[in-house]
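Coordinate inspection notes
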Amino acid sequence: GEDVEQSLFLSVREGDSSVINCTYTDSSSTYLYWYKQEPGAGLQLLTYIFSNMDMKQDQRLTVLLNKKDKHLSLRIADTQTGDSAIYFCAESNDYKLSFGAGTTVTVRA
Amino acid sequence: GAVVSQHPSWVICKSGTSVKIECRSLDFQATTMFWYRQFPKQSLMLMATSNEGSKATYEQGVEKDKFLINHASLTLSTLTVTSAHPEDSSFYICRLLAGSTDTQYFGPGTRLTVL
């Protein structure tokens, strides 16, 4: 089955950039996603990238995809305290999503 | 505003009782609905997939007689946890597709605690 892995924790200073990394194993993935989950809440879709792209930028968010290495990253520029949350990467190729375990991002002053 | 609602947002019940969780799309028709469960500090695990008017497809290891899914209409899906036990305590989240992969929404989740 599909396997998605990501680092569990990231601590970053306010104003710095955050980079969250993710690797996956399913070479037939068509879409890759980044979700944000705040405590006690559901998931919020942050951004997604189609597998034939290698980069996508959306305001403070930059997604990089290395399809050869099956590596996905999310960069958050000018990280703010409101960015503290759990970030999940996910991949899909048939409308089903396979999630990583989530990276807890803590923003310190 | 929210496009997907879940009700209740949290529920506490006694062991052995059944709990129904509703997932509604508020302003679109959901062709496919997914139910996930999330244990504390863990990722989301897909439980089942349902299309309107047909039986749900359950993932391996998920008991279909325990987790009853009814996709009654294009705007409503329900998940009933039958004879709930403390190990069923979890965060249950629905995800809805509106016909294309870039039009998907998650519900806000339902926190179930079984005493």
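Keep in mind the model is a prediction, meaning the values are calculated, not measured. (Residues numbered from 1 in each chain as written. Chains lettered and ligands numbered in written order. Predicted model: local features only at pLDDT ≥ 70, side-chain atom pairs only at ≥ 80, totals over all residues. Heavy atoms only, no water.)

1. A closer look at unusual backbone geometry
Stated precisely, the cut-off is as follows: Segments assigned H or I by DSSP are reported as helices when at least four residues long, segments assigned E as strands when at least two residues long, and all are numbered from the N terminus.
In this chain, B:His7 is followed by B:Pro8 through a cis amide linkage whose omega measures 0°. Of note in this structure, A:Asp78 is not a glycine but carries a positive phi near 50°. Note on placement: A:Asp78 falls in the loop between strand S8 (71-76) and strand S9 (85-92).

2. Here we look at the side chain of A:Ser29
Residues and elements named next belong to chain A. Selection rule: Any pair of nitrogen or oxygen atoms within 3.5 Å is treated as a polar contact; in protein, a donor-acceptor pairing is required on top of that, and neighbouring residues in sequence qualify only through side-chain atoms on both sides. Residue contacts are defined here by distance: any two heavy atoms, one from each residue, within 4.5 Å place the two residues in contact.
Mapped onto the elements of the fold, Ser29 is located in the loop between strand S3 (18-24) and strand S4 (31-37). A distance of 2.9 Å separates the side chain of Ser29 from the backbone oxygen of Asp26, its partner in a polar contact. Sequence-distant contacts of Ser29, that is, excluding residues within four places in its chain, are made with Tyr24, Ser51, Glu91, Ser92 and Asn93.

3. Focus: the packing of aromatic side chains
To be explicit about the condition: Two aromatic rings from Phe, Tyr or Trp, using only the six-membered ring of Trp, form a pair when their centres are within 6.5 Å; if the ring planes differ by under 30 degrees the pair is stacked, by over 60 it is edge-to-face, and anything between is tilted. Relative accessibility under 20% of the residue-type maximum defines a buried residue, over 50% an exposed one, and the middle range a partly exposed one, all with a 1.4 Å probe and only protein chains included. Only lysine NZ and arginine CZ atoms are considered, and such an atom sits over a ring when it is within 6 Å of the ring centre and within 35 degrees of the ring normal.
In total, this model carries 14 aromatic pairs over all chains according to the counting rule given. Between A:Tyr33 and A:Tyr48, the ring centres sit 6.1 Å apart and the planes meet at 40°, which makes this aromatic pair tilted. On the criterion of sequence distance, the pair formed by A:Tyr33 in strand S4 and A:Tyr48 in strand S5 (residues 43-50) is long-range, its members being 15 residues apart. A relative accessible area of 21% means that A:Tyr48 is categorised as partly exposed. With centroids separated by 5.6 Å and ring planes inclined at 90°, the aromatic side chains of A:Phe99 and B:Tyr36 adopt a geometry described as edge-to-face. On the criterion of chain membership, the pair formed by A:Phe99 in strand S10 (residues 98-99) and B:Tyr36 in strand S4 (residues 32-38) is interchain, its members lying in two chains. Of the two residues examined, A:Phe99 and B:Tyr36, each falls in the buried class. By way of ring pairs, the aromatic residues A:Tyr31, A:Tyr33, A:Tyr35, A:Tyr48, A:Phe50, A:Phe88, A:Phe99, B:Phe34, B:Tyr36 and B:Phe106 are connected into one cluster. Over the ring of B:Phe67 we find B:Lys66; its NZ or CZ atom is 5.9 Å from the centre of that ring.

4. Concerning the sheet that holds strand S3 (residues 19-25) of chain B
Residue and element names in this part refer to chain B. Here is the rule we go by: When DSSP finds two or more bridges between a pair of strands, those strands are recorded as paired. Between N-to-C directions, angles cover 0 to 180 degrees, with each direction set by a line fitted to C-alpha atoms, over the stretch in contact for helices.
Read across the sheet, four strands follow the order S1-S3-S8-S7 without closing on themselves; strand pairing throughout is antiparallel. Single-partner strands in this sheet number two, and they are strand S1 (4-7) and strand S7 (67-73). Between one strand axis and the next, the sheet turns through 15° on average, direction left out of account. Pairing geometry for S1 and S3, over four bridges, is antiparallel. Directly across from Ser5, in S3, lies its bridge partner Arg24.

5. Concerning a nonpolar patch on the surface
In plain terms, the rule: Patch rule: a residue counts if its relative accessible area is over 30% and it has no salt bridge; like charges are joined within 9 Å, and nonpolar side chains (Val, Leu, Ile, Met, Phe, Trp, Tyr) within 5 Å. Exposure was quantified through the Shrake-Rupley algorithm and a 1.4 Å probe, taking into account, for residues, occlusion by the shown protein chains and nothing else. A pair is scored as a salt bridge if a Lys or Arg side-chain nitrogen falls within 4 Å of a carboxyl oxygen belonging to Asp or Glu.
Residues B:Trp10, B:Ile12 and B:Leu115 make up a contiguous nonpolar surface patch of roughly 390 Å² in combined accessible area. Of note, B:Trp10 is situated in strand S2 (residues 10-13).

6. Some details on the interface of chain A and chain B
Often, the extent of an interface is quoted as the loss of accessible area on bringing the components together. So the rule is basically this: Using a 1.4 Å probe, buried area is obtained as the accessible area two parts lose upon being combined, added over both of them. Following the grouping adopted for this structure description, the nonpolar residues are Ala, Val, Leu, Ile, Met, Phe, Trp, Tyr, Cys and Pro, the charged ones are Asp, Glu, Lys and Arg, and the polar ones are all others, Gly among them.
Facing 16 residues of chain A, the contacting portion of chain B comprises 21 residues. Taking both sides of the interface into account, the surface hidden between chain A and chain B amounts to around 1500 Å²; carbon and sulfur atoms contribute 58%. The tally of links from chain A across to chain B stands at zero salt bridges. Of all elements in the fold, only S4 and S5 of chain A reach the threshold of two or more residues within the side of chain A that touches chain B. Tallied by class, residues from the side of chain A that touches chain B come to 11 nonpolar, four polar and one charged.

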